[in-house]
Amino acid sequence: MDIPIRKSWGQNFIIDKNTINKIVKIINPQIDEEIIEIGPGRGAITMPLLDKVQSIVAIEIDPLLTQYLKDKNKSNLIVENIDFMDWSPSFKNKRRVIGNLPYYISSPIIFKLIKDERFNEIIIMLQKELGIRMLANEGNKDYSRMSVMAQTFCEIKYETDISKNIFNPKPNVDSCIISLKRKKSDLDFEKYSKYIRYAFQHKRKKIKNNLKNYISQEGLEKFGERRAQDISVEEYIETFNKYFF
Ligand code: SAM
């Protein structure tokens, strides 16, 4: 296959059979499900999954890789050549999403996934550092906007470490697999997302500085002296409901 590797698209392909088997096992494919894959690349995960699910819709930014997969003529594989960030899915039912995410755009992809309620379970490979950040608790140096957003809307599980040695080309850092299961929530995503963004705007400043124009006086008095990194997810949800304008 003579398709150039595009580093700018975060192309690090899995080349180890054992790892692929491990990933498929974690995904635990169901024969009647329609699954979404982000960045199928050369089909390392796609191909072994195809026999185990009803169908796969794969979203790939690289036109050459898209054509390469289309040429496999698999009746239950649909490959769409589009940037995942521009993709507006038309299905209405809930679906699972999988993917070995391109590193350069992992965080925006995760935010898009968390926001869309149709994605009820998300199993992704990503940089280990980002995985750790998603799972960090308050008081930890890795606790961030990403931790709060992910943990507010999903149950998160750290599935396994993935060594950088199983990729071609080999990236500089190790990876991990994280799974997210959507929680029931009636929060307004956009509004809550704004709240958390403001709260973490200046990590070291007190909440009264970051949120002074956005929450009630009562809120400022109750937790204004604290810092964003020391406030738990439960407290964020509670204070959002009580004090955010
Ligand atoms: N799934 C393959 C594997 O595990 O070997 C490839 C994974 S590689 C880390 C990331 C894949 O995502 C590449 O195929 C890349 O072209 C594709 N990609 C990069 N940016 C994308 C985007 N914004 N939307 C959709 N696909 C993207």
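Within each chain, residues carry numbers counting from 1 in the order of the written sequence. Totals for whole chains, interfaces and linings use all residues, but because this is a predicted model, local features are given only for residues with pLDDT of at least 70 and pairs of side-chain atoms are given and counted only at 80 or more. Water and hydrogen atoms play no part in the side-chain values, which are based on all heavy atoms of the structure.

Draft legend 1. Spatial organisation of the site of the ligand. Being near a molecule or strand, for a residue, means having at least one of its heavy atoms within 4 Å of it. Residues in contact with the ligand amount to 23 residues; listed here are only the nearest, Gly39, Glu60, Asp83, Phe84 and Tyr104. Within 3.5 Å is the distance limit for a polar contact, defined as a pair of N or O atoms, with the added protein rule that one can donate a hydrogen and the other accept it, and that residues adjacent in sequence qualify only through two side-chain atoms. One of the backbone N or O atoms of Phe84 is found 2.8 Å from a nitrogen atom in the ligand. Protein chains shield 100% of the accessible area of the ligand, which is 590 Å² for the free molecule. Taken together, the elements giving at least two residues each to the shell around the ligand come down to strand 1 (13–14) and strand 3 (55–60). With residues, only the protein chains shown are counted as cover, and all accessible areas are computed by Shrake-Rupley using a 1.4 Å probe. Secondary structure elements follow DSSP: runs of H or I of four or more residues count as helices, runs of E of two or more count as strands, with numbering from the N terminus.

Draft legend 2. Molecular detail of the pairing of strand 2 (residues 34–38). Partly exposed residues are those whose accessible area sits between 20% and 50% of the maximum for their type, while under 20% is buried and over 50% is exposed, using a 1.4 Å probe and protein chains only. Of all five residues making up strand 2, four are buried, and the element is well covered by its neighbours. Following DSSP output, two strands are said to pair if at least two bridges run between them. Pairing between strand 2 and strand 3: five bridges, direction parallel. Opposite Ile36, over in strand 3, you have Val57 as the bridge partner. Bridge analysis of strand 2 against strand 5 (residues 95–100) gives four bridges, and the strand direction is parallel. Paired with Ile38 across the strands is Gly99, a residue of strand 5.

Draft legend 3. Spotlight on the nonpolar core. Throughout this description, the term nonpolar core refers to a set of buried Ala, Val, Leu, Ile, Met, Phe, Trp, Tyr and Cys residues connected via side-chain atoms within 4.5 Å. With 53 residues, the main nonpolar core has Ile110, Phe119, Leu180, Tyr192, Tyr195 and Tyr236 as its most contacted residues. Considering every element that reaches this core, the biggest residue donor is helix 7 (residues 189–199), with six residues. Note on definitions: a residue-residue contact is assigned when non-hydrogen atoms from the two residues lie within 4.5 Å. Beyond its immediate sequence surroundings of up to four residues, Tyr195 is in contact with Leu211, Ile215, Phe223, Tyr236, Thr239, Phe240 and Phe244. By size, the runner-up hydrophobic cluster in this structure holds 23 residues, among which are Val24, Leu50, Leu77 and Ile123.

Draft legend 4. Region of interest: the environment of Leu64. Looking at where Leu64 falls in the secondary structure, it is placed in helix 3 (residues 63–70). Sequence spacing of Leu64 and Ser175 is 111 residues, and the spatial spacing of their C-alpha atoms is 26 Å. When neighbours within four sequence positions are excluded, Leu64 is seen to be in contact with Ile3 and Pro4.

Draft legend 5. Summary view of the sheet that holds strand 2. The seven strands are arranged 4-3-2-5-6-9-7 in an open sheet whose pairing can be described as mixed. Each end of this open sheet is capped by a strand with a single partner; those strands are strand 4 (77–81) and strand 7 (154–162). Each adjacent strand pair in this sheet contributes to an overall mean axis angle of 15 degrees, direction not counted. Lying on the sheet, helix 5 (residues 128–135) is in contact with strand 6 (119–127), strand 7 and strand 9 (175–182); it crosses strand 6 at an angle near 135 degrees. Under this scheme, a helix contributes an axis fitted over its contacting stretch, all axes are lines through C-alpha atoms, and angles between N-to-C directions fall in the 0 to 180 degree range.

Draft legend 6. Expanded view of the side chain of Thr19. If you trace the backbone, Thr19 turns up in helix 1 (residues 17–27). A distance of 2.5 Å separates the side chain of Thr19 from the side chain of Asp16, its partner in a polar contact. Leaving out residues up to four positions away in the same chain, Thr19 has contacts with Ile14, Ile162 and Ile166.

Draft legend 7. Here's a closer look at the pattern of salt bridges. Each reported salt bridge corresponds to a side-chain nitrogen of Lys or Arg within 4 Å of a carboxyl oxygen of Asp or Glu. According to the stated counting rule, one finds 13 salt bridges in the structure shown. A salt bridge links Glu190 to Lys115, with the nearest nitrogen and oxygen atoms 2.5 Å apart. Separated by 75 residues along the polypeptide, Glu190 in helix 7 and Lys115 in helix 4 (residues 106–115) bring together distant segments of the chain. Given a relative accessible area of 45%, Glu190 falls into the partly exposed group. Judged by relative accessible area, which is 45%, Lys115 ranks as partly exposed. Of the charged contacts, one joins Lys206 and Glu225 as a salt bridge, the two residues approaching to 3.0 Å between their closest N and O atoms. Highlighted residues: Lys206 in the loop between helix 7 and helix 8 (207–210) and Glu225 in the loop between helix 9 (217–223) and helix 10 (233–243), separated in sequence by 19 residues. Here the salt bridges do not stand alone but share partners, grouping Glu33, Arg96 and Glu121 into one network.

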